[in-house]
Amino acid sequence: MATAAILDPDIIREVLECSICMETFNQDQLRPKLLQCGHTVCRQCLEKLLASTINGVRCPFCSKVSRMSNISQLADNLTVLKIIDSASSSATMCLMCKVCRNRLPKQYCQVCRLVLCDACKAEGHEQQGHPVLAIHAAAEQRRRDVGEKLSALRQMMQDIQKKKSALDGVFRKLRLKYKSVQQDYAKAELGLQDELTKSRTAFSSSLSEIEKLNNQVLEEQTYLLNLAEVQLVSRCDYLTMKIKQADLALLEEAIDEEELDLKCNLPVLLKLQEPELVQAEHLEPLGVGQVRTNQVTVNTEEDYQEQAESSFSLYRDVDMVAEKACSLTASPSFKPKLVEPGASGSQQCQFIKKMGSKGNLPGMFNLPVSLCVTMQGEVLVADRGNYRIQIFNRKGFQKEIRRSPSSIDNFVLSFLGADLPNLIPLSIAINNQGLIGVTDNYDNSVKVYTPDGHCVACHKNQLIKPWGIAAMPSGQFVVTDVEGGKLWSLAVDRSVGVVNYSRLCSAVRPKFVTCDSSGTVYFTQGLGLNIENRHNEHQLEGGFSIGSVGTDGQLGKQLSHFFSENEDFRCIAGMCVDSRGDLLVADSGRKEILHFPKEGSFSVLIQEGLTCPVGLAITPKGQLLVLDCWDHCVKVYDYHPRRQSCTD
């Protein structure tokens, strides 16, 4: 069957049919004869050709003359005869007429569904009125029918794929609906808790009022009883003295016979108010709500992809509101003070949520010291206590970066059996090329990583104690050397490493640094101490003034220690610049976030809720991220520069 599948019927027909009479060769009268030119004709046609000539036969295909006087002088085509002899085999029988099994088929009966030769067609099938077509025409018609069925099946497959996509959209929509209902329940529960709190307050107030009234009555009666008691004691003392007198004296002196009438002053009936709890009658147990189902008919013929997208954006806003409520209620120790927008002397950002907690698992922190945000909204955090850099996207934790130990580190680890840290990040920044710059306290170097965690550069030259790092609009990194007293500019290539470095300016113990969109670099100076440094961590030592320098190395404006008449810096531990060019400062000593507009003056953005702010960053969506070192988390605030007003 495998051989029959690869045989072309047209080629077989050319081999087994005489090209003159178009009859199938056989062993008798139609025996295949091979001319001297190589062409094959049947014996019957060859006799007709020989009858019209004398000494040979001219080939009707190539006109070459085969010299002979008798047909027996020509050899048989043994190949064709061998094929005819094997006509009983399955490989050849499948190509023959299904009725006579001797001739090649040329016709197809549509009723009997058989391939027929011309003789069998005329004998039986046409006489019975069966429609008979040529094999090629019947095959083309069959191909058209099969093609139509194939097209119908493909269309059904497309319909099934569309319905599967629609069902996926329905699944997503229902999951979002489940979440929305849970959030509505949580909101209703919070509202009910508020009502219960108000009811408890009113109940306690009423009970206190009743207690106050009763105490007044009881205190008044107690006072009257005390007076009566004093009178009785005085009378008893007088009579006791009389009893102790001599007989003559007792008889000579007249005794006051007046009796004290104290019963009229003693309380008999007290009008008090006795409290009694009258419980609210509930026919059913108290509950926030119940789940009710509504019959919904879903048409899977429609495309639910766009509906699911719009539903997701709707419920995403609900998620944000729920996260705000949950964060405010779940963290009793963190209660930001929110003032009215028009309040003078203070500016507040609305607290949204808190990310992370203390630990060493992914998404947890241990004394984080720096953070930055990419243009895509990814957040990078320098987790110093866990010796790593964590990267987060909108779905949560994505990956972490740890420096692979060198050979000498491996030797120390194996020889001493100690778990020595191999990456102690102090500050972190990312440039417009996607390269991550890190100042490493482990070996006092500046390292540059790709987002995949591959280290492409390690720079130590002329650096004593590199600390702060920031990315400039040109793609270069600015590094502060706190002990060397200089600011350095580094140009890094992904494939080469550090290609150029130059001194930007000199300063007094520059530590933390940031850069605005124009290339102006802001850096802290001096040594500001956090007097509440419970962990004695050097990274919590900040600056007490802020300087600036341009791309040309010229120093700009400065913010001194006393930036106003009654305000001063205590320990600057982080800075960032918003989209308007205003400077935001994290003061870990004041535990506040300060806002310095580029026009001048200042304001306080966040006054409460922070324990030790050490890093600031602003997301593309206008959210302010504050890294709280001692709380081991990132706190997210709603920040819109256009809404802020400066305080003179």
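Presented here is a report on the structure given in the accompanying data block. Predicted, not measured: the structure shown is a model, and the values here were computed from it.

1. A word on the sheet that holds strand 14 (residues 425-430)
Phase 1 of the analysis: Strand order in this open sheet of four strands is 14-15-16-17, and the pairing throughout is antiparallel. Whereas interior strands pair on both sides, the edge strands pair on one side only; in this sheet they are strand 14 and strand 17 (455-459). Shown here is a sheet whose adjacent strand axes are inclined to one another by a mean of 20°, direction ignored.
Phase 2 of the analysis: Pairing of strand 16 (residues 445-449) with strand 17, which is carried by four bridges, proceeds in the antiparallel orientation. Paired with Val448 across the strands is Ala457, a residue of strand 17.

2. Some words on the packing of aromatic side chains
Both the distance between ring centres and the angle between the ring planes are used here to describe each pair of aromatic rings.
Phase 1 of the analysis: With the rule as written, the count across this model stands at six aromatic pairs.
Phase 2 of the analysis: Between Phe392 and Phe397 the ring centres are 5.9 Å apart and the planes differ by 75°, which places this aromatic pair in the edge-to-face class.
Phase 3 of the analysis: Under the relative-accessibility criterion, Phe397 is labelled partly exposed at 34%.
Phase 4 of the analysis: By way of ring pairs, the aromatic residues Phe365, Phe392 and Phe397 are connected into one cluster.
Phase 5 of the analysis: Above the plane of the ring of Trp467 lies Lys511, whose end atom (NZ or CZ) is 4.1 Å from the centre.

3. Here we look at the pairing of strand 31 (residues 633-638)
Phase 1 of the analysis: Burial within strand 31 is extensive, with five of its six residues counted as buried.
Phase 2 of the analysis: Across five bridges, strand 9 (residues 350-355) lies against strand 31 in antiparallel orientation. Among the inter-strand pairings, Lys354 is bridged to a residue of strand 31, identified as Lys635.
Phase 3 of the analysis: Count of turn residues in the strand 30 (residues 623-628)/strand 31 antiparallel hairpin: four residues, of which His632 carries a positive phi of about 55°.

4. A short note on the pairing of strand 26 (residues 583-587)
Phase 1 of the analysis: Of all five residues in strand 26, five are buried, a share of seventy percent or more.
Phase 2 of the analysis: Here strand 26 shows no split at all, with Leu583, Val585 and Asp587 on one side and Leu584 and Ala586 on the other all buried.
Phase 3 of the analysis: Across five bridges, strand 25 (residues 572-577) lies against strand 26 in antiparallel orientation. Paired with Gly574 across the bridge in strand 26 is Ala586.
Phase 4 of the analysis: The antiparallel hairpin formed by strand 25 and strand 26 contains five residues in its connecting segment, where Gly581 sits at a positive phi of about 90°.
Phase 5 of the analysis: By the bridge criterion, five bridges tie strand 26 to strand 27 (residues 592-596) in an arrangement that is antiparallel. Paired with Leu583 across the two strands is Phe596, which belongs to strand 27.
Phase 6 of the analysis: Where strand 26 folds back onto strand 27 in an antiparallel hairpin, the turn is made up of four residues, including Lys591, whose phi is positive at roughly 60°.

5. Digging into the pattern of salt bridges
Phase 1 of the analysis: Following the criterion strictly, the structure yields 16 salt bridges and no others.
Phase 2 of the analysis: With its nearest N and O atoms 2.8 Å apart, the salt bridge here joins Glu567 to Arg590. Residue Glu567 is located in the loop between strand 24 (545-549) and strand 25, and its partner Arg590 is located in the loop between strand 26 and strand 27; the two are separated by 23 residues in the primary sequence.
Phase 3 of the analysis: Residue Lys635 is joined to Asp631 by a salt bridge in which the shortest nitrogen-to-oxygen separation is 3.0 Å.

6. Topic: a nonpolar patch on the surface
Phase 1 of the analysis: A cluster of nonpolar side chains, contributed by Phe203, Leu207 and Leu277, occupies part of the molecular surface with about 290 Å² of accessible area.
Phase 2 of the analysis: Leu277 gets classed as exposed once you look at its relative accessible area, which sits at 56%.

7. Some remarks on empty space enclosed by the protein
Once rolled over the atoms, a probe with the size of a water molecule shows which space is left empty.
Phase 1 of the analysis: Applying the stated criterion across every chain, the model contains one cavity of 30 Å³ or more.
Phase 2 of the analysis: The space that makes up the largest cavity amounts to roughly 30 Å³.
Phase 3 of the analysis: Taken together, the residues of the lining of the largest cavity sort by class into four nonpolar, one polar and one charged.

8. Thoughts on the nonpolar core
Phase 1 of the analysis: Residues Leu371, Val379, Val381, Leu625 and Val634 are the most contacted members of the largest nonpolar core, which totals 22 residues.
Phase 2 of the analysis: Beyond its immediate stretch of four places on either side in the chain, Val379 contacts Leu371, Cys372, Val373, Gln390, Ile391, Phe392 and Leu625.
Phase 3 of the analysis: Leu35, Cys42, Cys59 and Ile84 belong to the second largest nonpolar core, which has 19 residues in total.

Definitions and cut-offs
- Residues numbered from 1 in each chain as written.
- Predicted model: local features only at pLDDT ≥ 70, side-chain atom pairs only at ≥ 80, totals over all residues.
- Heavy atoms only, no water.
- Pairing = 2+ DSSP bridges.
- Helix = DSSP H or I, 4+ residues; strand = E, 2+ residues; numbered from the N terminus.
- Axes fitted to C-alpha atoms, helices over the stretch in contact; angles between N-to-C directions.
- Phe/Tyr/Trp six-rings, centres within 6.5 Å; stacked < 30°, edge-to-face > 60°.
- Buried < 20%, exposed > 50% of the residue type's maximum accessible area, 1.4 Å probe, protein only.
- Lys NZ or Arg CZ within 6 Å of the ring centre and 35° of its normal.
- Salt bridge = Lys/Arg side-chain N within 4 Å of Asp/Glu carboxyl O.
- Patch = residues over 30% accessible without salt bridge, like charges linked within 9 Å, V, L, I, M, F, W, Y side chains within 5 Å.
- Areas by Shrake-Rupley, 256 points an atom, 1.4 Å probe, with all protein chains shown as cover.
- 1 Å grid on protein atoms, 1.4 Å probe; cavity = no way out; pocket = protein on both sides within 12 Å on 5 of 7 lines; lining within 4 Å.
- Points joined across faces, edges and corners; volume = space filled by probe spheres on them.
- Nonpolar A, V, L, I, M, F, W, Y, C, P; charged D, E, K, R; others polar.
- Core = buried A, V, L, I, M, F, W, Y, C linked by side-chain atoms within 4.5 Å.
- Contact = heavy atoms within 4.5 Å.

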